[in-house]
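# Structural characterization, general
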Amino acid sequence: MSDFEEQPGIGIPGVTGAAAGRTWDALASAHAPDLTGDSVSFVALEDGSLIVEEDVPDGSLSPLADALEEHVSPPYRATAVRDEGDIWSVSAQRVSVSELPGIDGDVVELSVVGGNREVSIDGQPASEWVSALDALVEGPGDTVVRAERVDGDLFTIDVFAL
C-alpha cells in the first residue's frame, strides 16, 4: 500500500497524508452520538434538507450539518469520518443543484474542447443533448460540466474550466 491509498480520514492534503485532489470550502468537527458507521457522505439542499444514500438514523446528520453551516451555506456536498468515539470530522464543498428531468443515468458529463461538444451518461457516449448543462458552459474556452444524481431528478453540478 502506498502512502496515499486506503488511509482513513477526509483526505486533506498536507494534514492527513492524502495527495492533493478535491478542495473543500469548510471543515469542522462535531459530536454526533446517534450517527452509525465510520464514514458518511451527504448533500445539503438549499432548503436545509439532507440527502444521504447510506442508512442512518433520522436526525443523526444534523450535528454535522450544523457544524458546517457555521462556515458554508447550502447547497453543499459533504463527507464525514468518525474520529474517535462520537466525534466526527466533516468537510463540505459548495455545489450547484439543478433538476434534470428525463436523464436515465446517474452521471452526465458535457465536455467542450476545441469547440467540439460531447455528452456522456454513466461514462458512455450519448446522443441526447442536455440543454441545462449546455447553458452552464461559459465563453469559448474548454470546459467540462459534470452532473451527479442526488435524488430523483436532482443533480449536483460541477463546472471545470480546462
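A few points on the structure. What you see is a predicted model, and the numbers here were worked out from it, not measured in a lab. (Residues numbered from 1 in each chain as written. Predicted model: local features only at pLDDT ≥ 70, side-chain atom pairs only at ≥ 80, totals over all residues. Heavy atoms only, no water.)

### Notes on the sheet that holds strand S8 (residues 116–121)
- With respect to topology, six strands assemble into an open sheet ordered S6-S11-S10-S7-S8-S9, the strand pairing being antiparallel. A single partner strand is all that each edge strand has here, and the edge strands are strand S6 (96–99) and strand S9 (124–125).
- As defined by bridge partners, S6 adjoins strand S11 (residues 154–161) across four bridges and the pair is classed as antiparallel. Opposite Glu-99, over in S11, you have Leu-154 as the bridge partner. (Pairing = 2+ DSSP bridges. Helix = DSSP H or I, 4+ residues; strand = E, 2+ residues; numbered from the N terminus.)

### Quick notes on the nonpolar core
- The biggest cluster of nonpolar side chains holds 21 residues, and the ones touching the most others in it are Leu-35, Val-40, Phe-42, Leu-64, Leu-68, Tyr-76 and Val-90.
- Looking at this core, the elements with two or more residues in it are strand S1 (26–31), strand S2 (39–44), helix H1 (62–68), strand S4 (76–84) and strand S5 (87–94).
- Ranked by the residues each element gives to this core, the list is headed by H1, at four residues.
- Setting aside residues no more than four positions away along its own chain, Leu-35 makes contact with Val-40, Val-56, Ser-60, Leu-61, Leu-64, Arg-82 and Trp-88. (Core = buried A, V, L, I, M, F, W, Y, C linked by side-chain atoms within 4.5 Å. Buried < 20%, exposed > 50% of the residue type's maximum accessible area, 1.4 Å probe, protein only. Contact = heavy atoms within 4.5 Å.)

### Some thoughts on the packing of aromatic side chains
- Tallying each qualifying case throughout the model produces one aromatic pair.
- Between Phe-42 and Tyr-76, the aromatic rings sit 6.4 Å apart at their centres with planes inclined by 70 degrees, giving edge-to-face as the arrangement. Of the two residues, Phe-42 is situated in strand S2 and Tyr-76 in strand S4; the sequence distance between them amounts to 34 residues. For the pair Phe-42 and Tyr-76, a shared accessibility class is recorded, and that class is buried. (Phe/Tyr/Trp six-rings, centres within 6.5 Å; stacked < 30°, edge-to-face > 60°.)

### Observations regarding the pairing of S5
- Burial of S5 is extensive: six of the eight residues sit out of reach of the surface.
- Direction of pairing for S1 relative to S5: antiparallel, over a ladder of six bridges. Within the sheet, the bridge partner assigned to Ser-29 lies in S5 and is Ser-89.
- Pairing of S4 with S5, which is carried by eight bridges, proceeds in the antiparallel orientation. Within S5, the residue paired with Tyr-76 across the bridge is Arg-94.

### Some points on the side chain of Ser-120
- Take Ser-120: it is sitting in strand S8.
- Judged by its relative accessible area of 17%, Ser-120 is buried.
- In contact with Ser-120, other than residues within four places in its own chain, are Val-107, Val-108, Glu-109, Pro-125 and Ala-126.

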